[in-house]
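# Fold and contact review
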Amino acid sequence: MTAHPEDLPLAGITVVSVEQAVAAPFATRQLADLGARVIKVERPGGGDFARRYDTTVHGESSYFVWLNRSKESVTLDLKSDAGRTILEQLLAEADVFVQNLAPGAADRMGLGAQALAERLPSLIPCTISGYGTSGPWADRKAYDLMVQCQTGLVSLTGNEHGAARVGVSVADVAAGMYAYSGILTALFKRATTGIARAVEVSLFEALAEWVSQPAYYTRFGGTQPPRIGTQHATIAPYGAYTAADGKDVLFTVQNEREWAALCTQFLRRSDLVEDARFATTSDRVAHRAELNVVVAARFAELGSAEAMELLERAGIANAGVNDIEDFLAHPVLEARERWRDVRIPGGTTVPALVPPVDLADTVPRMGAVPAAGEHTDRILGGLGYGAAEIERLRAERVV
């Protein structure tokens, strides 16, 4: 199927985004996937600094390729009067404005939510910050790993030998997802009431929501969940075990019915069903070391494929522990046709994952990843600037 932009749910919505790094680009890319026109404002002479995080995708950054398809790129020097004038013209025609500038920068340029509401009452401004626009840390810069540390997530991740960061930019992703859903909510509110509401999301508060379960566990249990690698901190058995062929298999028991099935059909230890040490999830966590001895011994008798087959027959959820190469060749992604080619700067195409939310009878847009400033002339032309004037602005390094 081919995407027809005019048929997508957000067709007719224009988003202007002064964005960089991960959180804001992730939010706006999802709006673009559903048909919004996203105009990405970048710095002249280099653009979004995430373009230079790495060069692994045919010379382009893996981060940038992931986050910026289907957008239009315009370069503007927002420190110049002419650049801010052009931005103001773009905002006058926009529905949504997204920014994740350094603390205080938006307010200094007159781009804070309150100032925009006074000038452009129908515009929905979205601010993505590190720790919020008020409070004692409002002026602090924040990046993903810093927020993982501040929320305690790093203290939960790793094993007995030490803590570890989560292997993806989870704070940025969380903030981008909440910004995206907040913008959709604000668009709905405006459509039904005519009132435009500002949206604000911080990386810290987004990830704070995601660590709520260990926070409850710590507040009321008196101690935080331990770091135990691929085991689950508060459910047992739930983790990876090494089979006789050296490959790891992960499985979980979620209730007492599954525990009984594991004992009788996989462990071949019916006596454990009534063993008081393992009667409930909390009991099994308390006696995890003893339980692991039994489970590991059984895995040592089986190849990984045989172990997964027996677990499947018993109705026990299980999975091999894949590396990224395994993931890229995953049969579910292939069978469900989740890869689609996207063009990147230079004309090369690369496979990209289709958005995970499937809307009936809707094909998401999977447009090209723009070069920095690729659409500057076209965008300025749409605002009424002539070719000579655009060249003058380029000579003055405004664009």
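Note that this is a predicted model, so its numbers are computed, not measured.

Cis geometry marks the peptide bond from Ala-236 to Pro-237, where omega comes out at -10°. Examined against the element boundaries, Pro-237 turns out to sit in the loop between helix H10 (212–221) and strand E9 (238–242). With phi around 65°, Ser-70 is a residue other than glycine that occupies positive phi space. Among the structural elements, Ser-70 can be located in the loop between helix H2 (62–67) and strand E3 (71–75). Located in the positive-phi region is Arg-397, a residue other than glycine, with phi close to 65°. Locating Arg-397 in the fold gives a position in the segment after helix H18 (387–395).

Positionally, Tyr-385 belongs in the loop between helix H17 (376–382) and H18. Sequence separation between Tyr-385 and Ile-344 is 41 residues, and the spatial gap between their C-alpha atoms is 28 Å. Setting aside residues no more than four positions away along its own chain, Tyr-385 makes contact with Thr-85, Ile-86, Gln-89, Leu-380, Ile-390 and Leu-393. Of note is the side chain of Tyr-385, whose polar atom sits 2.7 Å from the side chain of Gln-89.

With that settled, the discussion passes to a nonpolar patch on the surface. Nonpolar side chains collect at one region of the surface, where Ile-324, Phe-327, Leu-328 and Leu-353 lie side by side and expose about 350 Å² of accessible area between them. Residue contributions to the nonpolar patch peak at three residues, all from helix H15 (residues 324–328). Of note, Leu-328 is situated in helix H15. Accessibility expressed as a relative area gives 41% for Leu-328, which makes it partly exposed.

Let's shift gears to the pattern of salt bridges. Taken as a whole, this structure holds 25 salt bridges when the rule is applied. With a shortest N-O distance of 2.9 Å, Glu-19 and Lys-71 are connected by a salt bridge. Of the two residues, Glu-19 sits in the loop between strand E1 (14–18) and helix H1 (23–33) while Lys-71 sits in strand E3, which places them 52 residues apart along the sequence. Here Glu-391 and Arg-394 are joined by a salt bridge, their closest N and O atoms 3.0 Å apart.

The next subject is the nonpolar core. With 36 residues, the main nonpolar core has Val-15, Val-98 and Ile-128 as its most contacted residues. By residue number, the principal contributor to this core is helix H8 (residues 170–193), which donates nine residues.

To describe a pair of aromatic rings, you give the distance between the ring centres and the angle between the ring planes. For the structure on display, the rule yields 13 aromatic pairs. Centre to centre, the rings of Phe-49 and Tyr-53 are 5.9 Å apart; their planes meet at 55°, and the pair counts as tilted. The class for Tyr-53 is partly exposed, based on a relative accessible area of 38%. Taken together, the aromatic side chains of Tyr-241, Phe-251, Phe-266 and Phe-299 make up a single cluster linked through ring pairs. Its end group placed over the ring of Trp-137, Arg-140 keeps NZ or CZ at 3.8 Å from the ring centre. Directly above the ring of Phe-266 sits Arg-298, whose terminal nitrogen or CZ lies 5.7 Å from the centroid.

Before going further, it helps to spend a moment on the side chain of Asn-68. Here Asn-68 lies in the loop between H2 and E3. Among the polar contacts made by the side chain of Asn-68, one reaches the side chain of Lys-40 at a distance of 2.9 Å. What Asn-68 contacts, discounting residues up to four positions off in sequence, is Glu-19, Pro-25, Arg-29, Lys-40, Ala-368, Val-369 and Pro-370.

Strand order in the open sheet formed by three strands is E9-E10-E11, with antiparallel pairing between adjacent strands. If you trace the sheet from one side to the other, it starts and ends with E9 and strand E11 (318–320), each paired once. Adjacent strand axes in the sheet meet at a mean angle of 25° when their direction is disregarded. In terms of strand pairing, E9 meets strand E10 (residues 248–252) through five bridges, oriented antiparallel. Looking at E10, one finds that Thr-242 is bridged to Asp-248. Against the sheet, helix H13 (residues 288–299) touches E9 and E10, its axis set at about 45° to E9.

Before going further, it helps to examine the sheet that holds strand E4 (residues 96–99). Pairing is parallel across the open sheet formed by six strands, whose spatial order is E3-E2-E1-E4-E5-E8. Pairing within the sheet leaves two strands with one partner each, and these edge strands are E3 and strand E8 (199–202). Going from strand to strand, the sheet's axes swing by 20° on average, the running direction of each strand aside. Where strand E5 (residues 124–129) meets E8, four bridges bridge the pair, whose relative direction is parallel. Along E8, the bridge assignment pairs Ile-128 with Val-201.

Criteria and cut-off values
Residues numbered from 1 in each chain as written. Predicted model: local features only at pLDDT ≥ 70, side-chain atom pairs only at ≥ 80, totals over all residues. Heavy atoms only, no water. Helix = DSSP H or I, 4+ residues; strand = E, 2+ residues; numbered from the N terminus. Contact = heavy atoms within 4.5 Å. Polar contact = N/O pair within 3.5 Å; in protein donor to acceptor, adjacent residues only side chain to side chain. Patch = residues over 30% accessible without salt bridge, like charges linked within 9 Å, V, L, I, M, F, W, Y side chains within 5 Å. Areas by Shrake-Rupley, 256 points an atom, 1.4 Å probe, with all protein chains shown as cover. Salt bridge = Lys/Arg side-chain N within 4 Å of Asp/Glu carboxyl O. Buried < 20%, exposed > 50% of the residue type's maximum accessible area, 1.4 Å probe, protein only. Core = buried A, V, L, I, M, F, W, Y, C linked by side-chain atoms within 4.5 Å. Phe/Tyr/Trp six-rings, centres within 6.5 Å; stacked < 30°, edge-to-face > 60°. Lys NZ or Arg CZ within 6 Å of the ring centre and 35° of its normal. Pairing = 2+ DSSP bridges. Axes fitted to C-alpha atoms, helices over the stretch in contact; angles between N-to-C directions.

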